[in-house]
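The lines below spell out each chain.
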Amino acid sequence: MNAIELSHVTKHFPGFTLQDLSLTVPSGTICGLVGENGAGKSTTIRLLMGALRPDSGTCTVLGADSAAPEFLSLKEDIGVVLDEAYFPESLNALQVGGVMAKTYRRWDGKQYQNYLTRFGLPEKKPFKDFSRGMKMKLAIAVALSHSPRLLVLDEATAGLDPIVRDEVLEIFNEFTREEDHSILISSHILSDLEKLCDYIAFLHQGRLLFCDEKDRLLEEYGIFVGTADQVNSLQDGAVVARENSSFGGVRCLVKRALVPAGWALERPTVEDIVLFLVKGAKEQ
Ligand SMILES: Nc1ncnc2c1ncn2[C@@H]1O[C@H](COP(=O)(O)OP(=O)(O)OP(=O)(O)O)[C@@H](O)[C@H]1O
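Residues numbered from 1 in each chain as written. Predicted model: local features only at pLDDT ≥ 70, side-chain atom pairs only at ≥ 80, totals over all residues.

- As recorded in an unreviewed UniProt entry, the protein goes by ABC transporter ATP-binding protein and comes from Dysosmobacter welbionis.

Dropping the structure here:
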């Protein structure tokens, strides 16, 4: 079963169109949504959560169409963290827990308390006096404490210091050890996504450039550093994009399968692949 299925979804805003987006996140996996500012990541997440209606196409989450009334009954099963945390200003963390206990049938107060301690969050400070990172941590603690099956995280690790970010990534990883638990996470911190995700989906100007298994992506591409003559000798389609390297040569992203055996290729990072693909798309 798929945790998330977007099928031919289109959404138009003045000056921007999310175009014919089809994307699936199999149950039990973590999918990272990447793309530059304004690529359409938050729009995709809002469509999935039923906060926006698509102009055409369908968004199915945990088996229910997010535009259908029955989707509301699934909200318990979905933990959501958006890039702006949204609790009433005057409430402190304990009071937020009290409200959530009344909101969610499967609220786990003990688990919530554990996260407050683990994240070093003050129990009695009002939310309005929290730093950005503290707000994100509180939103993550809440999302994880109502026993969801799916986490939808929009820039949820932005504003966290590297040590807490690492801990949060580990918590997300633990979450998916349960077979039917899945995560969709958008982030600009591609090294985090490389550590965490099974799949990487890459949006560019409202279009999905790829959605692929991370390991397959890292095997498909290589980085070649050499002279312009060497690069020019490669067959058509081998070079995805190139840049001048600091020592006067050329550095490029290549498709391993189209490069002659024996050429030394470096292993790219997800960030290398994304940056070169954007560059390649601009050059076309
Ligand atoms: N309600 C809206 N009305 C009009 N335009 C909108 C609306 N919501 C989003 N947009 C536009 O849609 C485009 C995509 O925005 P979106 O927030 O999905 O991008 P993003 O990939 O999440 O970007 P970022 O990384 O900066 O958060 C932008 O051009 C934005 O201005």
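1. Looking at the packing of helix α4 (residues 132–145) against helix α5 (residues 162–175)
No. 1: Two numbers describe how α4 lies on α5: the axes approach to 12 Å, and their chain directions differ by 10 degrees. Here α4 lies roughly parallel to α5, going by the angle between them. Note that α4 runs across α5; the crossing there is left-handed. Here Gly 133, Lys 137, Ile 140 and Leu 144 of α4 lie close against α5, whose contacting residues are Val 164, Val 168, Ile 171 and Phe 175. (Axes fitted to C-alpha atoms, helices over the stretch in contact; angles between N-to-C directions. Helix = DSSP H or I, 4+ residues; strand = E, 2+ residues; numbered from the N terminus. Parallel < 35°, antiparallel > 145°, perpendicular 65-115°, else oblique. Left-handed = near helix turned anticlockwise from the far one by under 90°. Contact = placed C-beta atoms within 7 Å.)

2. What to know about the packing of helix α3 (residues 109–118) against α4
No. 1: Closest axis-to-axis distance for the α3/α4 pair is 9 Å, and the angle between their directions is 155 degrees. When the interaxial angle is binned, α3 and α4 end up roughly antiparallel. Like other packed secondary-structure pairs, α3 and α4 cross with a definite hand, here right-handed. Two secondary-structure elements touch here, α3 through Gln 111, Tyr 112, Tyr 115 and Leu 116 and α4 through Ala 141, Leu 144 and Ser 145.
No. 2: Classifying every residue of the contact of α3 with α4 gives 5 nonpolar, 2 polar and no charged. (Nonpolar A, V, L, I, M, F, W, Y, C, P; charged D, E, K, R; others polar.)

3. As for the sheet that holds strand β9 (residues 199–204)
No. 1: Strand order in this open sheet of 6 strands is β6-β7-β8-β3-β9-β10, and the pairing throughout is mixed. Strands with a single pairing partner mark the edges of an open sheet, and in this sheet they are β6 (78–81) and β10 (207–213). With direction set aside, neighbouring strand axes in the sheet form an average angle of 10 degrees.
No. 2: Sheet analysis places strand β7 (residues 150–154) next to strand β8 (residues 182–186), joined by 5 bridges and oriented parallel. (Pairing = 2+ DSSP bridges.)

4. Describing the environment of Phe 224
No. 1: Checked against the element boundaries, Phe 224 lands in strand β11 (residues 221–226).
No. 2: Along the backbone, Phe 224 and Arg 251 are 27 residues apart, and their C-alpha atoms lie at a distance of 5.7 Å.
No. 3: Beyond its immediate sequence surroundings of up to four residues, Phe 224 is in contact with Val 231, Cys 252, Val 254, Val 259, Trp 263 and Leu 265.

5. Here's the deal with the UniProt feature "domain: ABC transporter" (unreviewed entry) in the protein
No. 1: According to UniProt, the "domain: ABC transporter" (unreviewed entry) feature falls on residues 1–230.
No. 2: Secondary structure within residues 1–230 divides into 32% helix and 30% strand; the distance between the first and last C-alpha atoms comes to 46 Å. (UniProt positions renumbered as here; feature names shortened; annotations may be inferred.)

6. Quick look at the site of the ligand
No. 1: Neighbouring the ligand are Phe 13, Phe 16, Gly 35, Asn 37, Gly 38, Ala 39, Gly 40, Lys 41, Ser 42 and Thr 43.
No. 2: Here the residues of the shell around the ligand sort into 3 nonpolar, 6 polar and 1 charged. (Near = placed C-beta within 6 Å.)

7. Examining unusual backbone geometry
Glycine aside, residues mostly have negative phi, and peptide bonds are mostly found in the trans state.
No. 1: Residues other than glycine seldom take positive phi values, yet His 8 does so here, at roughly 50 degrees.
No. 2: Judged by the 12 C-beta atoms lying within 10 Å of it, His 8 falls in the exposed class. (Buried ≥ 20, exposed ≤ 12 C-beta atoms within 10 Å, placed from the backbone.)

8. Some words on the pairing of β7
No. 1: Within β7, 5 of the 5 residues are buried, which leaves the element mostly enclosed by the surrounding structure.
No. 2: With burial as the criterion, each face of β7 is covered, one bearing Leu 150, Val 152 and Asp 154 and the other bearing Leu 151 and Leu 153.

9. A look at the domain arrangement of the protein
No. 1: Entries for the protein in the domain assignment read domain 1 (2–205) and domain 2 (217–283).
No. 2: If you look at the interface, domain 1 gives 9 residues, while domain 2 gives 8 residues.
No. 3: Looking at the side of domain 1 that touches domain 2, the elements that each hand over two or more residues are α6 (190–196) and β9.
No. 4: For the side of domain 1 that touches domain 2, the element with the highest residue contribution is α6, accounting for 4 residues.
No. 5: The residue makeup of the side of domain 1 that touches domain 2, split by class, is 5 nonpolar, 2 polar and 2 charged. (Domains from an automatic or database assignment.)

10. What about the sheet that holds strand β4 (residues 56–61)?
No. 1: Across the sheet, which stays open at both edges, the 4 strands sit in the order β2-β1-β4-β5 with antiparallel pairing between neighbours. Lying at the two open borders of the sheet, with one neighbouring strand each, are β2 (16–26) and β5 (64–65).
No. 2: As defined by bridge partners, strand β1 (residues 2–13) adjoins β2 across 8 bridges and the pair is classed as antiparallel. In the sheet register, Glu 5 faces β2, and the bridge partner there is Thr 24.
No. 3: Strands β1, β2 and β4 of the sheet are contacted by helix α1 (residues 41–48), whose axis makes an angle of about 115 degrees with β1.

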